[in-house]
Structures are given as structure tokens and as C-alpha cells.
Amino acid sequence: MTPEAALHTFLSGFGIPAYAAAATPDKGDDEWQGFPYLTYDLVVGAWGQAEVNVTVNLWYRTDSEAVPNAKVREMHDAIGLGGVTVPCDGGMLWIKRGSPWAQSVLVEGEDDKVKRRYVNVNVEYLTVS
Amino acid sequence: MKFTQVAADAFQKLQLNAGVMLSEFDPDDGALDRSKILAATGGGVAFEATPNFVDFGEDIDNVPNNTKELKKLDYFDVKMSGTAKTADTDFAKMLVGAADVSGTKVTPRSTLSLEDYSDIWWVGDYSDVNTGASAGFMAIKLIDALSTGGFKIQSNDNGKGDFAFEFTGHYSLEDIDAVPFEIYIAEGESPDATLSSLAFGSLTLSPTFNKGVTAYTTSTTNATNTITATATDNTATVVIKNGSTTVTSGSSATWVTGANTVTVTVTNGAASKVYTVTVTKS
């Protein structure tokens, strides 16, 4: 599995659809699965380079603040204090919590039920090929 | 470039994160008892074991320094240092070195006692398998450690206090040749998600079952056969499906005429393996 696919698989493991930001389907597309979902900015690094920041946005349509907060907490716990390593071709990804970990972002131009959480994830690419 | 390369398994030999300082650790089982953590640290832990040599060639004419036959290892100076972010009375006593604890009070002594020495472990994450019971670790045991850095606290305005520490390992007259540190490096082992046996009644699998081979065929004229699948690790779970129908190990699967696809999925922690058997009923 390529590093890019390994990252996508990891981010797809939280029970909601995950899309690379550049490949997020529009509402009405066949691929559009509705709320909730997450998008992420794919940033790729390499062995010997500093960790990169991958911003993840969680999108919910709900009256509850607790629902998206719970998903942020789920991601927080899954990554853990020391991060988590994910195998991929040539090595592994070391996925860590970024700083600040998460923040709520006001969504403009949408109905007021749409909630957005901006999550910072750092990834160190420990891939030797 | 020819000599700008990294070993293919380099990622499996990395020490990761700051690790923990422990009062006890058993490298044979690698289990972490969080109640044995001495203190939270900031900025990691530094360990150094510096050899001290005597060079008998130093004052002999016509013999250069560092002649291997004339060099003697005298002793190792072994230290573990860093900054703690937490402290309780037990850790404060360790920092003082010669001290006693009574309730909330730590009372320094002017004389050392053999009870003031204790082993200290540093254990850190290691290798690509770094979670679960078989996680890799790098561990250092500092033997008969005593605080040689003293008790220090640096409070910080609007911040957490720092307790700088330095512990030194000590030799003992009980075994004067025993160097006061040990290093353990254990690569993590992925959980075993293989089958030790797979049988379809009296049918013959082709090829013969081998836990490393995941695709098999067989043929039958029976309406049903009993499927028995046993995981190598008895803590692993085994799910058998005949098409979309779940079959319990030791129970019968019912065949339709033609090809029947049976999948056996073994899951052990993060590891899984799928065996596929195509059963042709005529």
C-alpha cells in the first residue's frame, strides 16, 4: 500500500467518509454520501524530512456540538499520546497529534446546522524507498 | 547516489518517543505497569555510559598511546539525566538521595545508606510493531542508582515546575565486575494470524495445507462437509464463510453444484489473514 493510500485508509477508519480535499465530491455527485464526512489536505514527506502537517476538516450537519466533538475525541484517542504507526510500502507513517489539536470553525454560507472541526495531524514519513 | 542510502529495514530499528522512567520492569514479558512510573519527564531522558581507560603505554618510550594490548578498561561512568515534570515524596526522596520519607515530609540525612540505592529503568518504544503485548521496546537498567544531581526545582511563572535530575549507577562489592547498567532491545512481533490446521471433512486440499499458503481447491460429491479451522494463536478469532453464510468451525457447510468459495479470516489484534478454498461439487 502506498503511503498516500495508507494515510487515506487510516483517515477512513473513523466511521465517516474521508476525502482528499482535492477529490471531495460535490453535493449531488454519485460519490457524495452526505454528512458527516471529513476532508484532508494530502501532504507527502519522505525519509529524513521533518514531519508534515495534514489538516483534517470534519463536517457535520447537526444541532449538537457534542457529536462532532466526540469524533474529534475519537481521533485524539486513536492517535494516542505517542502517535500511531501505520505500515505502508517501504516503511511506515508515524501519525501524531498536531498543535493545537483541534478547533471549531464558524461555517459561513451554509445553514446554521453545519458544524466544522479543524484538526491538526502531523505525519512523519518513515519510508525508505 | 551510490552511498547515500538507507537500510531497507531502518524503519524497524527506530527508537520512538521519550519513553518512561520506571522503578520496575521485566524485559522478559515487556509489560508496562503504569504504577511503576517514577515521574513524568519533559524533553526525554539522557543516558550515557562512558568508559574510563588506563593506557599503560602512555609513559613507555617508543610505544604510542592507544596501543590495544596496553589499554585497560577501568570502569564505566553511568548516568541517567533529564528533567522531571512531576514529583511526589517518593521521587523527591530519590532526588535527595540520602533521605527518609514520613508522611508528607522528606528528611535528608547526612549519611548514606545502602537502601538509598535502587535500580531505575528507562523504557522507550522501538520498532514498527509498538503496540500490544508483543510491542518492541528499548530498555536500559541503571543498577544501584543514586541521585548525584541532588534535589533541584525550577518553578516557572505561569508554567510548570522543573525538577532536573541526574542518577548515577554504582558498582557493588558483592560483584565488583558487574557493570551497573544493562541494555535490552526487543523488536516487536506482529500478532500471529495464521491457521495451524484447516480441514474439510475427509476432502483433500490442493495444495496440502500450509499455514503460509492462502489459496486452496478441493472437490466433492457430498451435499455437505464439516469445516474445521484452528488458529495458531488461540487468542485469535476465526470467521468462516461459505459464500455469504457464516459457518462455525466444526459445523457443516452445504454445497451447491459447481464452485463454492469458502473464506476463512483469522484476526489477531491488528493482523489478519484470509484463506480461500474453492470447493467444486459435482
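Structural data are supplied above this passage.
Report on the accompanying structure. This structure is a prediction, so every number in the text was calculated from the model and none was measured.

1. Some remarks on the nonpolar core
Inside soluble globular proteins, nonpolar side chains tend to come together where they are buried.
Right, on to step 1. With 28 residues, the main nonpolar core has A:Leu7, A:Leu11, A:Val56, A:Leu58, A:Leu93, A:Ile95 and A:Val123 as its most contacted residues.
Right, on to step 2. Of all the elements in the fold, those that place two or more residues in this core are helix H1 (3-11), strand E1 (18-20), strand E2 (37-40), strand E3 (52-61), helix H2 (66-79), strand E4 (84-88), strand E5 (91-105) and strand E6 (114-127) of chain A.
Right, on to step 3. Of the residues forming this core, the biggest block, five residues, is contributed by E3(A).
Right, on to step 4. Not counting residues within four places of it along the chain, the set of residues in contact with A:Leu11 comprises A:Ala18, A:Leu38, A:Tyr40, A:Val56 and A:Met75.
Right, on to step 5. Among the nonpolar cores identified, the runner-up in size contains 22 residues, and B:Ala193, B:Phe200, B:Leu203 and B:Ala229 belong to it.

2. Considering the layout of surface pockets
All names here are of chain B.
Right, on to step 1. Counted as a void, the largest pocket has a volume near 1,000 Å³.
Right, on to step 2. Elements with a minimum of two residues in the lining of the largest pocket: strand E1 (15-22), strand E2 (41-55) and strand E6 (118-126).
Right, on to step 3. Top contributing element to the lining of the largest pocket by residue count: E1, with seven residues.

3. Some words on the environment of B:Asn158
Residues and elements named next belong to chain B.
Right, on to step 1. Relative to the assigned elements, Asn158 resides in the loop between strand E7 (137-147) and strand E8 (163-168).
Right, on to step 2. Residue Asn158 is classed as exposed on the basis of its relative accessible area of 80%.
Right, on to step 3. Along the primary structure Asn158 and Ser110 are separated by 48 residues, whereas in three dimensions their C-alpha atoms are 35 Å apart.

4. Description of the pattern of salt bridges
All names here are of chain B.
Right, on to step 1. Under the definition given, this model contains 16 salt bridges over all chains.
Right, on to step 2. Between Lys36 and Glu24 there is a salt bridge, with its nearest N and O atoms 3.7 Å apart. Separated by twelve residues along the polypeptide, Lys36 in the loop between E1 and E2 and Glu24 in the loop between E1 and E2 bring together distant segments of the chain.
Right, on to step 3. Note that Asp116 is salt-bridged to Arg109, the shortest N-O span being 2.7 Å.
Right, on to step 4. A single network of salt bridges, built from pairs that share partners, joins Lys93, Asp100, Arg109 and Asp116.

Calculation rules
Residue numbers here run from 1 along each chain, matching the order of that chain's written sequence. Naming scheme: in the order in which they are written, chains are lettered from A and ligands are numbered from 1. Where totals are concerned, whole chains, interfaces and linings use all residues; where local detail is concerned, this predicted model gives features only for residues with pLDDT of at least 70, and gives and counts side-chain atom pairs only at 80 or more. With hydrogens and water set aside, each side-chain value is computed from the structure's full complement of heavy atoms. Remark: nonpolar core denotes a set of buried residues (Ala, Val, Leu, Ile, Met, Phe, Trp, Tyr, Cys) joined through side-chain atoms within 4.5 Å. Relative accessible area decides the class of each residue, using a 1.4 Å probe on protein chains only: under 20% of the type maximum gives buried, over 50% gives exposed, and in between gives partly exposed. Runs of E in the DSSP output that reach at least two residues are strands. Runs of H or I that reach at least four are helices, and both are numbered from the N terminus. Every residue pair with non-hydrogen atoms within 4.5 Å of one another is taken to be in contact. Buried and open spaces are told apart on a 1 Å grid over the protein atoms alone, a cavity being a set of points where a 1.4 Å probe fits but cannot get out and a pocket being an open set with protein on both sides within 12 Å along at least five of seven lines. Residues with an atom within 4 Å of a point are the lining residues. Grid points are joined across faces, edges and corners, and a volume is the space filled by probe spheres set on the points. Only one rule defines a salt bridge in this text: a Lys or Arg side-chain nitrogen within 4 Å of an Asp or Glu carboxyl oxygen.

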